[in-house]
Amino acid sequence: GVAIGVAGSIITKYVATVPELNGLPSSLPFLVLFVALLFFPTDAMGAKVIRRRPYRPVKLGLRGRTAMALVVAAVIVLIPSVVGAKLPVFTNAAIYVTLFASLALLVRTSGQVSLCHATFAAAGATTFAHLSSGVGLPWLVALLLTGVAVVPIGALVALPAIRLSGLYLALSTFGFGVLVEQVLFPKGVMFGITGSRSAARPQMWGLDTDRGFFYLCAGIAVLALLAVAAIGRSRLGRLLRALADSSVVLATHGANANTTRVLAFCASAFLAAISGALILTLTGTANTAGFTIMQSLTLLAVLAIAGRSTVFAPVIGAVLLVVLASYVRDPNLSAYLQIVFGASALVATAFGPAVGDWIATTAAGTLPRRR
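Residues numbered from 1 in each chain as written. Predicted model: local features only at pLDDT ≥ 70, side-chain atom pairs only at ≥ 80, totals over all residues. Heavy atoms only, no water.

Let us look at the overall build of the chain. Within the chain, the secondary structure is distributed over 15 helices and two strands. Looking at the chain as a whole, 43% of its 371 residues qualify as buried. Carbon and sulfur atoms form 69% of the exposed surface of the chain, whose accessible area is close to 18700 Å². (Helix = DSSP H or I, 4+ residues; strand = E, 2+ residues; numbered from the N terminus. Buried < 20%, exposed > 50% of the residue type's maximum accessible area, 1.4 Å probe, protein only. Areas by Shrake-Rupley, 256 points an atom, 1.4 Å probe, with all protein chains shown as cover.)

This paragraph deals with helix 11 (residues 257–283). The end-to-end C-alpha distance of helix 11 is 41 Å, a good match for the 39 Å that 27 residues give at a rise of 1.5 Å each. Judged by how many residues are buried, helix 11 sits mostly within the fold: 20 of 27 residues are covered. One or two positions beyond helix 11, positive phi appears at Gly284, with a value near 90°. (Expected span 1.5 Å × (residues − 1).)

Relative to the helices and strands, Gln112 resides in the loop between helix 4 (87–109) and helix 5 (117–135). On the basis of relative accessible area, Gln112 is assigned to the buried category, the value being 7%. Apart from the residues lying within four places of it in its own chain, the contact partners of Gln112 are Leu106, Val107, Ala161, Leu169, Leu243, Arg261 and Phe265. (Contact = heavy atoms within 4.5 Å.)

Among the secondary structure elements, Gln295 is positioned in helix 12 (residues 293–306). Those residues in contact with Gln295 that sit more than four places away from it in its chain are Tyr96, Ala118 and Gly290.

As a further point, take the packing of aromatic side chains. Under the definition given, this model contains five aromatic pairs. Each ring, one from Tyr96 and one from Phe100, has its centre 6.4 Å from the other, and the planes form 50°; the classification is tilted. Note that Tyr96 and Phe100 are positioned in helix 4 at a spacing of four residues, about one turn of the helix. Aromatic pair Phe128 and Trp139: ring centres 5.6 Å apart, planes at 75°, arrangement edge-to-face. Taken together, the positions of Phe128 in helix 5 and Trp139 in helix 6 (residues 139–163) put the pair 11 residues apart, joining distant regions of the chain. As far as the burial class goes, Phe128 and Trp139 line up, both buried. Taken together through their ring pairs, the aromatic side chains of Phe185, Phe191 and Phe291 make up a single cluster. (Phe/Tyr/Trp six-rings, centres within 6.5 Å; stacked < 30°, edge-to-face > 60°.)

The N-to-C vectors of helix 8 (residues 210–233) and helix 11 enclose an angle of 170°; their axes lie 12 Å apart at closest approach. One way to sum up the angle between helix 8 and helix 11 is to call them roughly antiparallel. When helix 8 is examined against helix 11, the residues Phe213, Cys217, Ile220, Ala224 and Val228 are found in contact with a partner set consisting of Leu271, Ile274, Leu278, Thr281 and Leu282. The class makeup of the residues in the contact of helix 8 with helix 11 is nine nonpolar, one polar and no charged. (Axes fitted to C-alpha atoms, helices over the stretch in contact; angles between N-to-C directions. Parallel < 35°, antiparallel > 145°, perpendicular 65-115°, else oblique. Nonpolar A, V, L, I, M, F, W, Y, C, P; charged D, E, K, R; others polar.)

Listed below in structure tokens is the structure:
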């Protein structure tokens, strides 16, 4: 503690002459935390093995999947005609479905935890701004390259996961998020001195209109959910679930647990970056306020409430976080909703996401299953 205080005072002395060090004194404790968690002996941290409540996803037959696809398609087609002026809100909700899907893949499928998920989205937003507005790449090419460009950041954040889990992994990702927010956000590589970035919507096929852009974001959300579901049913998904149960047993059976961890973070970072680019494109500008470390905490809390299904929970989370808030006009009611949200997060943490699981099971139970 004394060393951190002395180092912070010394760095503060040179901040005035070296602008690149702005934000480093206040983020020094988190930098030390991140490094210490990487190199400190894990045995001394007292890590505990936590038994997870088994989750059995609902399996649908061909008729069930077809019926669900038709319902989803009908809802997406009808939303612009029903919600009217609220269409941008539902577009934002569709974007958050992709963001929650990326977090669900990491948290629900692989059993990892990330408190810097908004950092992935911020990196996606700023990278997309550089590629589309700066370099001038076509919109779709810039979007795909944005996801690829943020993958190495996901791999970097995965390094602590090789040695840590549970609380210590959460602390490590939290420290990384704070470090990026305080040191890199003001730099030109991200939001710059102005604290904002801008990008235009795709100028083709009517996607620059509110209706067209909603259909684009909804389509990307559906693709993200399908990708997460496909990963869950693949060999990688089985490895991720085994990793969540016991990394030791997974390694005993000859699988590389470290590679599996890195793949989970990389895939999650790719989808989060795509959502960040879409958040920027929705309004044309984005600032640092939407990608703070508190936003990462909120995302994880809402996902805990929404349930453990990697398909239904992202949709429920987006509705809870984005859609419901837009229909609350009474400021007193809004304050009460925040209290309810906090209480719900505590209940979900203590007793498990039973409400979200019940909603997912009930919704899927109305569709025909495989006999």
